[in-house]
2 protein chains.
Amino acid sequence: VAPPAVVSDLRSAVGDAHVLVDEDARAGYETDWSGRYTGRAVAVVRPGTTHEVAEVLRICRTAGVDVVPQGGNTGLVGGGVPRPEGSTERPAIVLSTRRLGGVSAADPDAMQLTAGAGVTIAEWQAAARAVGLDAPLDFAARDSATVGGAIATNAGGSRVLRFGTMRSQVAGIEAVLADGRVVGSLAGLPKETAGLHWPSVLTGSEGTLAVVTAARLRLVPRFEHVVTALVATASIGEAVDLTGRLRRQLGSLDSVEIIDPAALALVGGHLGRAAPVTPPPGGAALLVECAGHVDPTSDLVAALGDIAGDSAVAVDPLQRAHLIAFRDRITEAMNQASAGGVPPFKLDVAVPLGALEELAAVARRAAADDGCRLIAFGHLAEGNLHLNHLGARDPATIAATVLSAVADLGGTISAEHGIGIAKTPWLHLVRSSADLGAQAAVRAALDPAGILNPGVLAPRPPAIGRAATPTAPQVP
Amino acid sequence: VAPPAVVSDLRSAVGDAHVLVDEDARAGYETDWSGRYTGRAVAVVRPGTTHEVAEVLRICRTAGVDVVPQGGNTGLVGGGVPRPEGSTERPAIVLSTRRLGGVSAADPDAMQLTAGAGVTIAEWQAAARAVGLDAPLDFAARDSATVGGAIATNAGGSRVLRFGTMRSQVAGIEAVLADGRVVGSLAGLPKETAGLHWPSVLTGSEGTLAVVTAARLRLVPRFEHVVTALVATASIGEAVDLTGRLRRQLGSLDSVEIIDPAALALVGGHLGRAAPVTPPPGGAALLVECAGHVDPTSDLVAALGDIAGDSAVAVDPLQRAHLIAFRDRITEAMNQASAGGVPPFKLDVAVPLGALEELAAVARRAAADDGCRLIAFGHLAEGNLHLNHLGARDPATIAATVLSAVADLGGTISAEHGIGIAKTPWLHLVRSSADLGAQAAVRAALDPAGILNPGVLAPRPPAIGRAATPTAPQVP
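Residues numbered from 1 in each chain as written. Chains lettered and ligands numbered in written order. Predicted model: local features only at pLDDT ≥ 70, side-chain atom pairs only at ≥ 80, totals over all residues. Heavy atoms only, no water.

Colleague: Please set out the pattern of salt bridges residue by residue, giving values where relevant.
Modeller: Counting across every chain of the model gives 34 salt bridges over all chains. Between Lys191(B) and Glu382(A) there is a salt bridge, with the nearest N and O atoms lying 3.9 Å from each other. Remark: Glu382(A) occurs in the loop between strand S16 (373–379) and strand S17 (384–390) and Lys191(B) occurs in the loop between strand S8 (182–185) and helix H7 (198–202); the pair is interchain, linking two chains. Across this residue pair, the class does not change: Lys191(B) and Glu382(A) are buried. Its salt-bridge partner being Arg431(B), residue Asp435(B) comes within 3.6 Å of it at the nearest N-O pair. Residues joined by salt bridges that share partners form a network here, namely Arg129(A), Asp134(A), Arg159(A), Arg162(A), Arg222(A) and Asp254(A). (Salt bridge = Lys/Arg side-chain N within 4 Å of Asp/Glu carboxyl O. Helix = DSSP H or I, 4+ residues; strand = E, 2+ residues; numbered from the N terminus. Buried < 20%, exposed > 50% of the residue type's maximum accessible area, 1.4 Å probe, protein only.)

What follows is the structure, encoded as structure tokens:
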């Protein structure tokens, strides 16, 4: 329980209407969208300015109250909702950044705009398109996920191949440290070598180093011509080779998504129509998209070469949408397939490209051993597979098996979802003790009291300035 | 003076041949190429492996000896040579990374290779080109500058517009902390969200957080078709507008370099031929380069539009070289013009694009007030001007005037050269005390004894673990 004075101090800082203490009002912030992660906040605080964020942090630090920053609450690893009850020693607030809105006019020469942390990815895209440009980032949760959340998790999505992850899109940042000091700059200089680069340090830090309040974001050209292809490959090795060739040959290549045969069959059943290509077991379908100021269709067809025979290519928007549905609606198909049951158990892993075939084999074996249904898809150029286990009996064993194999293959246990609290038990697989020790030192340097998102990214709260009570990780 | 045991310990660690103590042997490492920055090292140590780097750091930390990491010694801000005598309280070694060589075979599908910190930029380019790819980074010092140095200074150069700075090229990193612990990974995963991203944290840290020993580097396609144009614009505003249009319209745009009329005249005199275009006073010449798998010439000419009349476009390699010389040989022309005298006083600044015209005006006024000759050129898309003052009488006043204006315009006092020791007196202009305090805390967390490159990036050595003796900044 928080000292009673805290809530009244918070009300003074941000206004009564923006401190939610009623259970019903808090509920949507205390539990993630999947229902898997939940905790208790003494209040949900919705500051509307950077100054108010600073005030909230000062109040919480003084009172010894933890702060869980939250954007659109679309995270998948439990990092944006309060820790499970009993797992932390101090009360917590949720600091919702959704009211930190506002998008500046886009600068068409610098190809940048400034957005508050609470601006959604879709709003960023819309503001860019209003001046004939586009946002370099896109993923399914675009209507809810926020700029601040995308920074915190270094969000990826389908256009990483061409434009990089969120880290590559942040030209400037404004953030508030745990003690209320504001750091960073929104000038958006593409080149500056004058000490610590805050966009780089804070992107991917999952709310543990500072609360991001605004960012200067990169824009990219809006392309008039888009072509989409769905291609079947006989093996994952062939898919890797093909993607390498496309990357080297096609400047217009925007994305290469991989869909395993089981996922293709599932989504086909959901859509009520079979996919136009049928990869064999052990093979894969690739959804390839090229975009340019000049029509890239003939280049794409030429680059597909021999494989073009087993592919469908579409330029017409409606025909493109028919192909894209085989990737975009997999999650919906899985949710329907598991309706009434538990949501699929998800892993988000990546390995060096040469190891992707082996990773897929390991995942198939682990699913077979469990007896669950494996639906795999992802972003091929980054070696990133989303492994979804429907009806998994023993998720912990699947996780231990797959994540250990991923680590042995030189991969990562989290490509784009983050560590949150879901993956902390396995972080040691991909980070040495020297690495984790150095990270903890940096975190303690910026947040000595350890109030920012404790338990996230670390198996236990930082030991400095507080008792080292282990947080029980919530193994899904 | 170092404890005598240190040198013998260092010899045991890396071998007698790689600990240079004779004055003649040390000389090339103690003074920068311009002769402006110099100091005294008790030894120059040249470890050949990551393990040896770790040993060297452990020995120095135990003995209380500072460590100045050095790559190709092509830096421009005094950050890679020992501090001026009398300005530090402890003896220092130079840790040369040049023997950390070795380039792996390039992975054509991942489009990456692994390089030791001592590999030169030219070697990186050659290894990429051997497999039909290219390095995304290029700048004049390519034959001497190293991968480690480029990481330390977040090097830029001419291709930043298309591919980003060095920060965007580092997919993986291996580095040794001040206490000898090794952090990072060379797996090169394009997407990983699993805590602190070492490539991001260490790039641009100027040797103050760790010693980089190797990196996994990005490769880009090698384009068959290259077209170069030299274009005159009537004003810098027109140059900014044109560049914005080219960026939005041309996917093949590789670089846009700006050359002021005085620079164009100087280099023309040096080359013995006038430039094919003549921008008016207050205008600028742009050297534009496009590269692609498809010939971009007609797209470039179309995008130049009305301005194409006052431009020269070349596709033939020899004709291209004739145009490129007007940018690449400016430094040579300046050195000749100031032969026998002091080298030009250099500033490397960037401002938001909308302020570039004003920056140029400020720089012209400051040079006129001093009575020196101003030669300005740089990288237009990043708002980055290199201001070179030939025969400057009062560099400190020029610096104070220009750098204050840059800060007022929302710019940076160092775009791509770094802060080193040359710019520390002005760092407060672009960084708040909150910002500098947080940076010092991060630095102290990773290097509590403050042995790594003291005096660089901070007006004085970190106060933690040592007496806070101010380093006298060496104002050029």
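Colleague: Any chance you could break down the interface of chain A and chain B for me, citing the residues and the numbers?
Modeller: Contacts between the two partners involve 74 residues from chain A, matched on the other side by 74 residues from chain B. For the pair chain A and chain B, the two sides together bury roughly 5500 Å², of which 57% comes from carbon and sulfur. For chain A, the biggest contributors to the area lost against chain B are Lys191(A), Thr193(A) and Arg248(A); these three give 16% of the whole. The interface formed by chain A and chain B contains 6 salt bridges. The salt bridge involving Glu416(A) is made with Lys191(B); its shortest N-O contact spans 2.8 Å. At the boundary of chain A with chain B, the tally comes to 34 residue pairs in polar contact (both at pLDDT 80 or more). (Contact = heavy atoms within 4.5 Å. Buried area = accessible area lost by both parts, 1.4 Å probe. Polar contact = N/O pair within 3.5 Å; in protein donor to acceptor, adjacent residues only side chain to side chain.)

Colleague: So what's going on with the sheet that holds strand S8 (residues 182–185) of chain A? Residues and values would help.
Modeller: All names here are of chain A. Judged by pairing direction, the sheet is antiparallel, and its 4 strands sit side by side in the order S5-S9-S7-S8 without closing on themselves. For this open sheet the edge positions go to strand S5 (112–116) and S8, each flanked by a neighbour on one side alone. Within this sheet the neighbouring strands show an average axis-to-axis angle of 15°, counted without direction. Strand direction decides the pairing type here: strand S7 (residues 170–176) and strand S9 (residues 211–218), joined by 6 bridges, are antiparallel. Paired with Ala175 across the strands is Val212, a residue of S9. Against the sheet, helix H3 (residues 50–63) engages S7, S8 and S9, with an angle of about 45° to S7. (Pairing = 2+ DSSP bridges. Axes fitted to C-alpha atoms, helices over the stretch in contact; angles between N-to-C directions.)

Colleague: Just give me the short version of the pairing of S7(A), but keep the residues and values in it.
Modeller: Residues and elements named next belong to chain A. Of all 7 residues in S7, 7 are buried, a share of seventy percent or more. Pairing between S7 and S8: 4 bridges, direction antiparallel. Its bridge partner being in S8, Ile173 is matched across the sheet by Ser185. Connecting the antiparallel pair S7 and S8 is a turn made up of 5 residues, with Gly180 showing a positive phi of about 90°.

Colleague: Can you lay out the packing of helix H1 (residues 4–14) of chain B against helix H3 (residues 50–63) of chain B for me, pointing to particular residues and giving the numbers?
Modeller: Residues and elements named next belong to chain B. Remark: H1 packs on H3, axes separated minimally by 9 Å, with the N-to-C direction vectors making an angle of 165°. In terms of orientation, H1 lies roughly antiparallel with respect to H3. Between H1 and H3 the crossing geometry is right-handed. Residues Val6, Asp9, Leu10, Ala13 and Val14 of H1 form the contact with H3, whose own contacting residues are Glu52, Glu55, Val56, Ile59, Cys60 and Ala63. Tallied by class, residues from the contact of H1 with H3 come to 8 nonpolar, no polar and 3 charged. (Parallel < 35°, antiparallel > 145°, perpendicular 65-115°, else oblique. Left-handed = near helix turned anticlockwise from the far one by under 90°. Nonpolar A, V, L, I, M, F, W, Y, C, P; charged D, E, K, R; others polar.)

Colleague: Break down the relation of the copies chain A and chain B for me, citing the residues and quoting the values.
Modeller: At an RMSD of 0.0 Å, chain A and chain B line up after a rotation of 180° and a shift of 0.0 Å along the axis. Such values leave the two copies arranged in the relation of a two-fold axis. Of the residues that chain A buries at the interface, 100% are likewise interface residues in chain B, meaning the two copies contact each other through the same surface. (Least-squares fit on C-alpha atoms with pLDDT ≥ 70 in both.)

Colleague: Describe the sheet that holds strand S11 (residues 225–233) of chain B, with residues and values.
Modeller: Residues and elements named next belong to chain B. Spatial ordering of the open sheet is given by S14-S11-S13-S12-S16-S17-S15, a layout of 7 strands whose pairing is antiparallel. Bordering the open sheet on either side are strand S14 (311–314) and strand S15 (345–350), each of which pairs with just one other strand. Strand-to-strand twist of the sheet, defined as the mean angle between neighbouring strand axes without regard to direction, takes the value 15°. Direction of pairing for S11 relative to S14: antiparallel, over a ladder of 4 bridges. Along S14, the bridge assignment pairs Val231 with Ser311. Those strands touched by helix H10 (residues 297–304) are S11, strand S13 (284–292) and S14, and its axis lies near 15° from that of S11. Along the sheet face, helix H12 (residues 330–337) touches strand S12 (253–259), S15, strand S16 (373–379) and strand S17 (384–390) and points at about 165° away from the line of S16.

Colleague: Can you break down the environment of Phe223(A) residue by residue, with the values?
Modeller: All names here are of chain A. Structurally, Phe223 can be placed in the loop between strand S10 (220–221) and strand S11 (225–233). Taking the relative accessible area as the measure of exposure, Phe223 reaches 13% and is therefore buried. Here the alpha-carbon distance between Phe223 and Thr203, two residues 20 residues apart in the chain, equals 27 Å. If sequence neighbours within four positions are ignored, Phe223 has contacts with Arg159, Arg162, Phe163, Asp254, Ala291, Gly292 and His293.

Colleague: Would you mind going over the confidence of the model for chain A in detail, with residue names and values included?
Modeller: Residue and element names in this part refer to chain A. The pLDDT averaged across chain A works out to 93; a share of 95% of its residues lies at or above 70. Low confidence marks residues 461–476, where pLDDT is under 50. Its contacts with residues over four positions away, or in another chain, come to 42 contacts. Predicted as a complex, the structure gets a pTM of 0.94 and an ipTM equal to 0.94. (pLDDT = per-residue confidence, 0-100.)

Colleague: How would you summarise the nonpolar core if you had to cite specific residues and measurements?
Modeller: Trp124(A) and Trp124(B) are the most contacted members of the largest nonpolar core, which has 74 residues in total. In this view, Trp124(A) contacts Leu113(A), Val119(A), Ala135(A), Pro136(A), Leu137(A), Val147(A), Met166(A), Gln169(A), Leu217(A), Arg218(A) and Leu219(A); residues no more than four positions away in its chain are not counted. (Core = buried A, V, L, I, M, F, W, Y, C linked by side-chain atoms within 4.5 Å.)

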